[in-house]
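In case you want the letters, here they are:
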Amino acid sequence: MPLTVSSRSAVRVRVPAKINLHLGVGPLREDNFHDVATVFHAVSLVDELTLEAGPPGITLVLEQPDDRVPADSTNLAVRAVRKLADHVNLEPAVTIRLRKGIPVAGGMAGGSADAAAALIAGDALWNLALPPETIHRLAAELGSDVPFALYGGDALGTGRGEQLTPLTHPYRRHWVLAVAGEGLSTPAVYAETDRLGGTRASDPDPVIKALGDPNPDALAGALCNDLQDAALSLRPELHDVLEAGKTAGALHGIVSGSGPTCAFLAPDPERAEHIANRLRIAGLPGVSAVRVAHGSVEGATLWP
């Protein structure tokens, strides 16, 4: 018989956004994925996911309804709970409450983060104590960015991005994030990259080395995103956003992942606030919010 009884009444998990300090994209594979070599960096914008026992099935409640966040069975958090329940032959009776702090459709893996949080929450709610490698495998089946959200910190991602090698360094980095009001489709950005012939598979080693340098200028000079040209092609106004960040005093700016969020590296927290204020005053077309964050931070974490 399937399990139906939860061992706890509710579990809350916090999970961070990511930016790609490096994103090298190889040619299209036979399975329609690209090989990537990326350096993930978890930053202090977080989603909160609460998993509560009951009623029967999987109910999703969005604390801040947003048309860009699916509220049905296609939501990655719902899919993650379903996948976990199926894995252990459990009939779920839960409510997912989701509070978004990660920009939606911004290239910061908010949906993937929610899936990771749901796996951690379900494992705790049902007292499963699954091995980490099992949760990692389930995460990878849900999406290429989901495994990294489990761990956070910094990591080199290869394959589709799901094969992770942790990277450690002692330095906090400070970021300003210019968030677009309208998202960019990740498949569309990859398709545009293919069209432009831009699958360069650039080398992540300069960023990995720069992470170990206390001078943030070293990291600024190494930031690289092979998808950036495609994102700029599809959303030309991002040129102005990147230029505005540099004019405001950022060490460097880069499109985050597939975009359209732009991430600007600042030398310290005070300068980050200054850059953010300058960008807010600028009123850049297409930018709906400017956020300040730091990294790296831990991944999906049970929260009191």
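Since the model is a prediction, treat every value here as computed from it, not as a measurement.

Describing the overall build of the protein chain
(1) Moving on: Within the protein chain one finds 10 helices and 12 strands.
(2) Moving on: Over its C-alpha atoms the protein chain spans a radius of gyration of 19 Å, differing by no more than 12% from the 19 Å that the globule rule assigns to 304 residues.
(3) Moving on: With respect to the principal axes defined by its C-alpha atoms, the protein chain has extents near 60 × 45 × 35 Å.
(4) Moving on: Here the protein chain holds 304 residues, and the buried ones make up 54% of them.
(5) Moving on: Restricting the contact set of the protein chain to residue pairs at least 6 apart, pairs at least 24 apart contribute 78%.
(6) Moving on: Total accessible area on the protein chain is roughly 12900 Å²; 52% of this is exposed by carbon and sulfur atoms.
(7) Moving on: Taken as two groups, the 25 positive and 35 negative side-chain charges of the protein chain have centres that lie 4 Å from each other.

Comments concerning the environment of Leu-177
(1) Moving on: As for its placement among the helices and strands, Leu-177 is situated in strand 7 (residues 173-180).
(2) Moving on: By relative accessible area, which is 0% here, Leu-177 ends up buried.
(3) Moving on: Measuring from C-alpha to C-alpha, the distance between Leu-177 and Cys-262 comes to 5.7 Å, with 85 residues separating the pair along the chain.
(4) Moving on: With residues near it in sequence (within four places) discarded, Leu-177 still touches Ile-19, Leu-45, Met-108, Thr-261, Cys-262, Ala-263, Ala-289, Val-290, Arg-291 and Ala-293.

Examining the pattern of salt bridges
(1) Moving on: Tallying each qualifying case throughout the model produces 12 salt bridges.
(2) Moving on: We note a salt bridge from Arg-12 to Glu-48, for which the minimum N-O separation is 3.4 Å. Remark: Glu-48 occurs in strand 2 (residues 34-53) and Arg-12 occurs in strand 1 (residues 10-28); sequence separation between them is 36 residues.
(3) Moving on: By relative accessible area, which is 27% here, Arg-12 ends up partly exposed.
(4) Moving on: One salt-bridge network, in which partners are shared between bridges, spans Arg-12, Arg-14 and Glu-48.

Points about unusual backbone geometry
(1) Moving on: Cis peptide bonds are those with omega within 30 degrees of zero, and the linkage from Gly-54 to Pro-55 qualifies with -10°.
(2) Moving on: Within the secondary structure, Pro-55 sits in the loop between strand 2 and strand 3 (57-62).
(3) Moving on: Omega for the bond connecting Gly-259 with Pro-260 falls within 30 degrees of zero, at 10°, which places this linkage in the cis form.
(4) Moving on: On the secondary structure map, Pro-260 appears in the loop between strand 9 (252-255) and strand 10 (262-266).

Regarding the packing of helix 1 (residues 76-87) against helix 2 (residues 110-125)
Helix packing geometry: the angle between the two helix axes and the distance between the axes.
(1) Moving on: Close contact between helix 1 and helix 2 brings their axes to 7 Å; oriented N to C, the two are set at 35°. When you trace helix 1 past helix 2, the crossing you get is right-handed. In this structure, helix 1 contributes Leu-76, Ala-77, Ala-80, Val-81 and Leu-84 to the contact, and helix 2 contributes Gly-111, Ser-112, Asp-114, Ala-115, Ala-118, Leu-119, Gly-122 and Asp-123.
(2) Moving on: The class makeup of the residues in the contact of helix 1 with helix 2 is 8 nonpolar, 3 polar and 2 charged.

A short note on the pairing of strand 6 (residues 163-167)
(1) Moving on: Inspection of the sheet shows strand 5 (residues 154-158) paired to strand 6 by 5 bridges, in the antiparallel sense. Pairing of Leu-156 across the sheet is with Thr-165, part of strand 6.

Looking at the side chain of Ser-256
(1) Moving on: Relative to the assigned elements, Ser-256 resides in the loop between strand 9 and strand 10.
(2) Moving on: Residue classification places Ser-256 among the buried positions, given a relative accessible area of 1%.
(3) Moving on: Here the side chain of Ser-256 touches Gly-107 through a polar contact of 3.1 Å, landing on its backbone oxygen.
(4) Moving on: Sequence-distant contacts of Ser-256, defined by excluding residues within four places in its chain, comprise Lys-18, Ile-19, Asn-20, Gly-106, Gly-107, Met-108, Asn-225 and Thr-261.

Remarks on the pairing of strand 10
(1) Moving on: The element strand 10 is extensively covered by neighbouring structure, given that 5 of its 5 residues are classed as buried.
(2) Moving on: Neither face of strand 10 is exposed, since Cys-262, Phe-264 and Ala-266 on one face and Ala-263 and Leu-265 on the opposite face are all buried.
(3) Moving on: When strand 7 meets strand 10, the two strands line up antiparallel, connected through 5 bridges. Looking at the pairing, Val-176 lines up with Phe-264 of strand 10.
(4) Moving on: Taking the residues between adjacent antiparallel strands as the criterion, strand 9 and strand 10 are bridged by 6 residues, where Gly-257 takes a positive phi near 55°.

Re helix 3 (residues 132-142)
(1) Moving on: When helix 3 is considered as a whole, its buried residues turn out to be Thr-134, Ile-135, His-136, Leu-138, Ala-139, Ala-140 and Leu-142.
(2) Moving on: Buried-residue contacts for helix 3 involve helix 1, helix 2, helix 4 (146-151) and strand 6.

A look at the packing of helix 2 against helix 3
(1) Moving on: It is at 10 Å that the axes of helix 2 and helix 3 come closest, and there the two elements cross at 145°. For helix 2 against helix 3, the interelement crossing comes out right-handed. Contacts from Ala-115, Leu-119 and Asp-123 in helix 2 reach Ile-135, Leu-138, Ala-139 and Leu-142 in helix 3.
(2) Moving on: Class assignment of the residues belonging to the contact of helix 2 with helix 3 gives a composition of 6 nonpolar, no polar and 1 charged.

What counts and how
Residues numbered from 1 in each chain as written. Predicted model: local features only at pLDDT ≥ 70, side-chain atom pairs only at ≥ 80, totals over all residues. Heavy atoms only, no water. Helix = DSSP H or I, 4+ residues; strand = E, 2+ residues; numbered from the N terminus. Rg over C-alpha atoms; globule rule 2.2 N^0.38 Å. Buried < 20%, exposed > 50% of the residue type's maximum accessible area, 1.4 Å probe, protein only. Contact = heavy atoms within 4.5 Å. Areas by Shrake-Rupley, 256 points an atom, 1.4 Å probe, with all protein chains shown as cover. Lys, Arg positive; Asp, Glu negative; His and termini not counted. Charge placed at Lys NZ, Arg CZ, Asp CG, Glu CD. Salt bridge = Lys/Arg side-chain N within 4 Å of Asp/Glu carboxyl O. Axes fitted to C-alpha atoms, helices over the stretch in contact; angles between N-to-C directions. Left-handed = near helix turned anticlockwise from the far one by under 90°. Nonpolar A, V, L, I, M, F, W, Y, C, P; charged D, E, K, R; others polar. Pairing = 2+ DSSP bridges. Polar contact = N/O pair within 3.5 Å; in protein donor to acceptor, adjacent residues only side chain to side chain.

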